[in-house]
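Here's the letter readout for the chains.
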Amino acid sequence: MKYSGFKVIKEALTGHRGWGPAWRDASPKPDYDYVIIGGGGHGLATAYYLAKTFRQTRIAVLEKGWIGGGNVGRNTTIIRSNYLLDGNEPFYEFSLQLWEGLEQELNYNAMVSQRGILNLIHTDAQRDAFIRRGNAMLLNGADAELLSTDQIKARYPFLNTENARFPIKGGLAQHRGGTVRHDAVAWGYARAADQNGVDIIQNCEVTGFRIENGTCVGVETSRGMIGAKKVASCVAGSSSRLMQKAGMRLPIESTVLQAFVSEGLKPLLPGVITFGAGHFYCSQSDKGGLVFGGDPDGYNSYAQRGNLPVVEDVCEGGMAIFPNLGRARLLRMWGGIMDMSMDGSPIIDRTHIDGLYFNGGWCYGGFKATPASGFAYAHLLATDTPHKTATAYRLDRFNTGHMIDEKGMGNSPNLH
Ligand SMILES: Cc1cc2nc3c(=O)[nH]c(=O)nc-3n(C[C@H](O)[C@H](O)[C@H](O)COP(=O)(O)OP(=O)(O)OC[C@H]3O[C@@H](n4cnc5c(N)ncnc54)[C@H](O)[C@@H]3O)c2cc1C
């Protein structure tokens, strides 16, 4: 079924009886050419591009829970391509370009809103660093603009620019950044993948790999053994637990990151802002809630729920620049498990086991990467060569020392 304005009007006039399920509830077949493990944004996007762009068939996505239940439906919805390093910036810019055409591509309203993102600057050294970052973005074909304090005051009059400890000395703006309705991305990719013949199998947990003579020939699941020519892991925060079943120890740790939503308020915040002296980022949803987040928990965990000390820490960061936040009531909060890599950058690569591929290490920035990650992973799976924007995302960089240390924090994943 194709969605259109005409269809919406017709259904409104006929009691909404003509809407069908957005995708089939497929049952597992004995074997496939491609089995993608994880029905998050990245897994579904991979399946979609594999079928649509790379014209591959016999593809299944295996999801242990339900579509949209993982980080794809838990994040703070921010998209941007304001990265510094060559290994990252072209990839994230490619992703932003795919976001720009996504709704037409998928025939799905994902509420892509390029309302802009502003990184606030609080010290002279930070201004130097952001000028360098802005230039790197421009050199890679992205947009970037350095704003003065007066320009920021005019756009965001409620910000505390004169804070004695954290004065706002300017900001780096990317006007093409913004937000996208997170779970609509999962549903849009699921529907489009299904229309291209992909089997989306929910409630199907992968419990092990079938490896024969160094080649992965399928997966053990809670719904039986499923054979595959190529098996692609794409389970974000569960990466280390899953790949352990194939005998692999990854350069990844898992920690919880929380998101927060306030009660609905009148329009206040035109775009996304980030506080540069602490860790706080905020946007306002179309329903009026302030959507915000900050640091992850400081310890490793697979528990998909948040803790109270982080609430205090994040709200403290928010109040430092945004004092009127203290008047708003917190409505909801939740946690998601982050796959924190040792240099803060992702991995899209083959493994040492033939037929087994890995995508992960997205830390808390993988939502914006969803289209490019899916495209690049599909490219790797279909052609066995990396996509040109993802050549640096090799697994062996942690052996060879070719790290993509975007924040210069080394192997302290909680700081990325
Ligand atoms: C609170 C929070 C805020 C964030 N904010 C942002 C942001 O603003 N911008 C941004 O770019 N990124 C953000 N992120 C990060 C982003 O959400 C993730 O990096 C990204 O969603 C991960 O990829 P995914 O969508 O494929 O993951 P997921 O949706 O988690 O998909 C992985 C799937 O694998 C499934 N799975 C796990 N194990 C198995 C198994 N054994 N068998 C079968 N299935 C399995 C899981 O159930 C899950 O559905 C945030 C994350 C959180 C938690």
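Structural data are supplied above this passage.
Keep in mind it's a predicted model, so treat the numbers as computed, not measured.

Calculation rules
- Residues numbered from 1 in each chain as written.
- Predicted model: local features only at pLDDT ≥ 70, side-chain atom pairs only at ≥ 80, totals over all residues.
- Heavy atoms only, no water.
- Pairing = 2+ DSSP bridges.
- Helix = DSSP H or I, 4+ residues; strand = E, 2+ residues; numbered from the N terminus.
- Axes fitted to C-alpha atoms, helices over the stretch in contact; angles between N-to-C directions.
- Contact = heavy atoms within 4.5 Å.
- Phe/Tyr/Trp six-rings, centres within 6.5 Å; stacked < 30°, edge-to-face > 60°.
- Buried < 20%, exposed > 50% of the residue type's maximum accessible area, 1.4 Å probe, protein only.
- Lys NZ or Arg CZ within 6 Å of the ring centre and 35° of its normal.
- Parallel < 35°, antiparallel > 145°, perpendicular 65-115°, else oblique.
- Left-handed = near helix turned anticlockwise from the far one by under 90°.
- Nonpolar A, V, L, I, M, F, W, Y, C, P; charged D, E, K, R; others polar.

Q: Is there a simple way to explain the sheet that holds strand 12 (residues 252–264) in this structure?
A: Note: strands within a sheet are paired through backbone hydrogen bonds, in either parallel or antiparallel orientation. Pairing is mixed in the open sheet, where 8 strands are placed in the order 5-6-4-13-14-15-12-16. Every interior strand has two partners, whereas the edge strands, strand 5 (145–147) and strand 16 (330–341), have only one. With strand direction ignored, the average angle separating the axes of adjacent strands in the sheet is 20°. The strands touched by helix 5 (residues 124–139) within the sheet are strand 4 (117–121), strand 5 and strand 6 (170–174), with strand 4 carrying the most contacts at an inclination of about 150°.

Q: For this particular structure, what's the right way to read the packing of aromatic side chains?
A: For the structure shown, the criterion picks out 18 aromatic pairs. Taking the centre distance of 6.0 Å and the plane angle of 25° together, the rings of F91 and W362 count as stacked. Taken together, the positions of F91 in helix 3 (residues 89–100) and W362 in the loop between strand 18 (356–360) and helix 10 (370–383) put the pair 271 residues apart, joining distant regions of the chain. Owing to a relative accessible area of 6%, W362 belongs among the buried residues under this scheme. Positioned above the aromatic ring of Y3, the side-chain terminus of R191 is 3.7 Å from the ring centre. Geometry around Y302 places R241 over its ring, the cationic atom sitting 4.1 Å from the centre.

Q: Can you help me understand the packing of helix 2 (residues 41–52) against helix 7 (residues 182–195) in this one?
A: Working note: a packed helix pair is described by the angle between its axes plus the distance between those axes. Where helix 2 contacts helix 7, the two axes come as close as 9 Å, and the packing angle between them is 30°. In terms of axis orientation, helix 2 runs roughly parallel to helix 7. In terms of crossing hand, the pair formed by helix 2 and helix 7 is left-handed. Where helix 2 abuts helix 7, its residues L44, A45, A47, Y48 and Y49 lie against A186, Y189, A190, A192 and A193. The class makeup of the residues in the contact of helix 2 with helix 7 is 10 nonpolar, no polar and no charged.

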